[in-house]
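# Coordinates in review
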Amino acid sequence: MIAIISLDRVRPRERRVAAGFFDGIHIGHRSTIKGCDTVLTFDPHPRAVVGTAVAPKHLSTLAHRAEILESLGVRELVVIDFNKSRSRQTPDAFTQEVFVDALRATHVHVGASFRFGFKAAGTPESLAADGRFAVRVARTVSVDGEVVSSTRIRELIERGDVSRAASLLGSFPEVVATIAPGERCQATTRTAVRLSTSSCLPVPGRYGCVVNGVAGVLTIPEAERLVGGATIDHPVSLPAGALIRIQLTSGSGVSQRPAPPVVLPAEFCHGPGRQSCS
Ligand SMILES: Cc1cc2nc3c(=O)[nH]c(=O)nc-3n(C[C@H](O)[C@H](O)[C@H](O)COP(=O)(O)O)c2cc1C
Ligand SMILES: Nc1ncnc2c1ncn2[C@@H]1O[C@H](COP(=O)(O)OP(=O)(O)OP(=O)(O)O)[C@@H](O)[C@H]1O
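Residues numbered from 1 in each chain as written. Chains lettered and ligands numbered in written order. Predicted model: local features only at pLDDT ≥ 70, side-chain atom pairs only at ≥ 80, totals over all residues. Heavy atoms only, no water.

## Quick look at the sheet that holds strand β9 (residues 174-179)
Heads up, the condition is: Think of it this way: DSSP has to see at least two bridges between two strands before they count as a pair. Segments assigned H or I by DSSP are reported as helices when at least four residues long, segments assigned E as strands when at least two residues long, and all are numbered from the N terminus. Each axis is a line fitted through C-alpha atoms, taken for helices only over the stretch in contact, and angles between the N-to-C directions span 0 to 180 degrees.
Pairing is antiparallel in the closed barrel, where 6 strands are placed in the order β9-β10-β13-β12-β11-β14. If you compare each strand with its neighbour and ignore which way they point, the axes differ by 45° on average. Here 3 bridges tie strand β12 (residues 214-220) to strand β13 (residues 229-233), and the two strands are oriented antiparallel to one another. Across the sheet, the residue bridging to Leu218 is Ile232, located in β13.

## Observations concerning the site of ligand 2
To be explicit about the condition: Any residue with a non-hydrogen atom lying within 4 Å of a molecule or strand is treated as near it. Polar contact is the term for a pair of N or O atoms within 3.5 Å; when the atoms are in protein, one must be able to donate a hydrogen and the other to accept it, and sequence-neighboring residues count only if both atoms are side-chain atoms. Accessible surface area values rest on a Shrake-Rupley calculation with a 1.4 Å probe, where residue burial reflects the displayed protein chains alone. Only protein atoms enter the 1 Å grid used here, on which a cavity is any set of points holding a 1.4 Å probe that cannot leave and a pocket is any open set flanked by protein within 12 Å on both sides along at least five of seven lines; residues with an atom within 4 Å of a point are listed as lining. Those molecules having more than half of their atoms within 2 Å of a cavity or pocket grid point set are described as sitting in that cavity or pocket.
The environment of ligand 2 is made up of 22 residues, and the closest members are His26, His29, Ser113, Ser150 and Thr151. Contact between ligand 2 and Ser113: an oxygen atom at 2.8 Å from a side-chain N or O atom of the residue. In the environment of ligand 2, a nitrogen atom lies 2.9 Å from a nitrogen or oxygen atom belonging to the backbone of Val148. Across the complex, the protein chains shield 88% of the 600 Å² of accessible surface that ligand 2 would expose by itself. Placement of ligand 2 is best described as lying within the largest pocket. Of all the secondary-structure elements, those providing two or more residues to the shell around ligand 2 are α1 (27-33), β5 (105-111) and α6 (150-158).

## What to know about the domain arrangement of the chain
Note the cut-off: An automatic or database domain assignment provides the domain bounds reported here. For this analysis, residues touch if any pair of their heavy atoms sits within 4.5 Å. When two parts are put together, the accessible area they lose, computed with a 1.4 Å probe and summed over both, is reported as buried area. Each salt bridge in this description consists of a side-chain nitrogen of Lys or Arg and a carboxyl oxygen of Asp or Glu lying within 4 Å of one another. Gly is put with the polar residues, along with every residue not named as nonpolar or charged; the nonpolar set is Ala, Val, Leu, Ile, Met, Phe, Trp, Tyr, Cys and Pro, and the charged set is Asp, Glu, Lys and Arg.
Looking at the assigned domains, one finds that the chain contains domain 1 (3-143) and domain 2 (172-276). At the interface, 10 residues of domain 1 touch 11 residues of domain 2. At the boundary of domain 1 with domain 2, total buried surface from both sides reaches about 910 Å², with 53% on carbon and sulfur atoms. At the junction of domain 1 and domain 2, the tally comes to 1 salt bridge. Inspection of the domain 1/domain 2 interface yields 4 residue pairs in polar contact (both at pLDDT 80 or more). For the side of domain 1 that touches domain 2, the secondary structure elements donating two or more residues are α1 and α2 (62-71). Grouping the constituent residues of the side of domain 1 that touches domain 2 by class yields 3 nonpolar, 4 polar and 3 charged.

## Focus: the site of ligand 1
As a structural note, the neighbourhood of ligand 1 is formed by 17 residues, with Phe21, Ser87, Arg115, Gly117 and Lys119 the closest of them. One of the backbone N or O atoms of Phe21 is found 2.7 Å from an oxygen atom in ligand 1. The contact in question runs from a nitrogen atom of ligand 1 to an N or O atom on the backbone of Ser87, over 2.8 Å. Contact with the protein chains hides 81% of the accessible area of ligand 1, taken as 600 Å² for the molecule alone. For the shell around ligand 1, the class distribution of residues is 10 nonpolar, 4 polar and 3 charged.

## Overview of the UniProt feature "domain: FAD synthetase" (unreviewed entry) in the chain
Note the following rule: UniProt positions are given in the numbering used here, feature names are shortened, and annotations may be inferred rather than shown by experiment.
Those places that UniProt annotates as "domain: FAD synthetase" (unreviewed entry) correspond, in this numbering, to residues 13-152. Spanning residues 13-152, this segment combines 31% helix with 24% strand, and its end C-alpha atoms are found 36 Å apart.

## Here we look at the packing of aromatic side chains
Condition: Side-chain rings of Phe, Tyr and Trp (the six-membered ring for Trp) are treated as a pair once their centres are within 6.5 Å; stacked means planes under 30 degrees apart, edge-to-face means over 60, and tilted covers the remaining angles. Under the scheme applied here, a residue whose accessible area is under 20% of the maximum for its type counts as buried, over 50% as exposed, and between as partly exposed, the area being computed with a 1.4 Å probe on protein chains only.
Considering all chains together, one arrives at 5 aromatic pairs under this definition. A ring pair is formed by Phe94 and Phe99, whose centres lie 5.7 Å apart and whose planes are at 85°; its orientation type is edge-to-face. A relative accessible area of 5% places Phe94 in the buried class. For Phe99, a relative accessible area of 0% puts it in the buried group. Taking 5.9 Å as the distance between ring centres and 55° as the angle between the ring planes, the aromatic pair formed by Phe99 and Phe133 counts as tilted. On the criterion of sequence distance, the pair formed by Phe99 in helix α4 (residues 91-102) and Phe133 in the loop between α5 (124-130) and β6 (134-138) is long-range, its members being 34 residues apart. The same class applies to Phe99 and to Phe133, which are both buried.

## Observations regarding the sheet that holds strand β2 (residues 15-19)
As summarised here, the arrangement of the 6 strands in space is β1-β4-β3-β2-β5-β6, forming an open sheet in which the pairing is parallel. Each edge of the sheet is formed by a strand with only one pairing partner; in this case those strands are β1 (3-6) and β6. Each adjacent strand pair in this sheet contributes to an overall mean axis angle of 25°, direction not counted. As paired elements, β5 and β6 share 5 bridges and run parallel to each other. If you follow His109 over to β6, its bridge partner there is Arg136. Of the strands in this sheet, β2, β3 (38-43), β4 (76-81) and β5 are in contact with α4, which crosses β3 at around 140°.

Rendered as structure tokens:
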């Protein structure tokens, strides 16, 4: 069972640490994390605090990230409360406090794009120069010549390209929703839901989906684009108020009929959607 712990509560032990935000735990992230027992992340996203202070839409909640990390063999997800004062910490002070004193890192894994410390001045090279732990800089993972990033996956989901998003993510994209109060339409098995507007949401359209391991169809009407209103046609009755995770398994966001299911390699299948992967 993976533990989700804030930095100030970690126990003293040596660790192999992967560092970064890791939204969605895409296939590039998985390459960086390989061989680590600990993942260091931030809450909220640093971009919600620095620069224009606009948080990106989520590909994954913290709990979802933890679930994927557990399937990758990670034991601890260490969370740094990221705020204005933390954002002003120098790379050297951060390395001393976090990697050396708190986590006792023997190895630190990052990608080439990793930056840390005030004004994002810390780099993989400056980490490697520290010398108190080994640093592994992961090869940058691309698909068909395109570098995989959470930003690119968000763009693909937002334009409704579930298939391409899933191949960069290595799993089906997920959105969080609440079952809306009101009568379920028995004739059609249609249930009204409210999609979380902090999730990265696709354009209005019809999408093949899986909820609690059972396949259905998610419909997002044009009129509900900004507020997250939607319906799912799903054979299982879901209680009003329940928080659900909807895996998007197909769809183009423009056609009236969901596109054929996305086929992912078996090694990318995890969690409730396993049975929908071939
Ligand atoms: C101590 C600390 C201070 C940071 N200060 C800044 C900053 O001043 N400006 C900035 O753009 N990002 C800052 N960041 C965020 C990093 O640029 C980066 O987004 C974060 O470390 C997550 O890495 P990742 O984006 O590779 O996942 C800081 C990060 C840390 C850990
Ligand atoms: N394509 C990739 N290949 C290998 N490592 C990666 C790749 N993308 C990111 N990483 C590494 O994974 C860690 C987490 O990165 P981060 O959360 O910034 O991902 P990102 O996809 O670049 O996100 P965003 O697009 O939101 O900036 C960092 O150490 C980063 O360098």
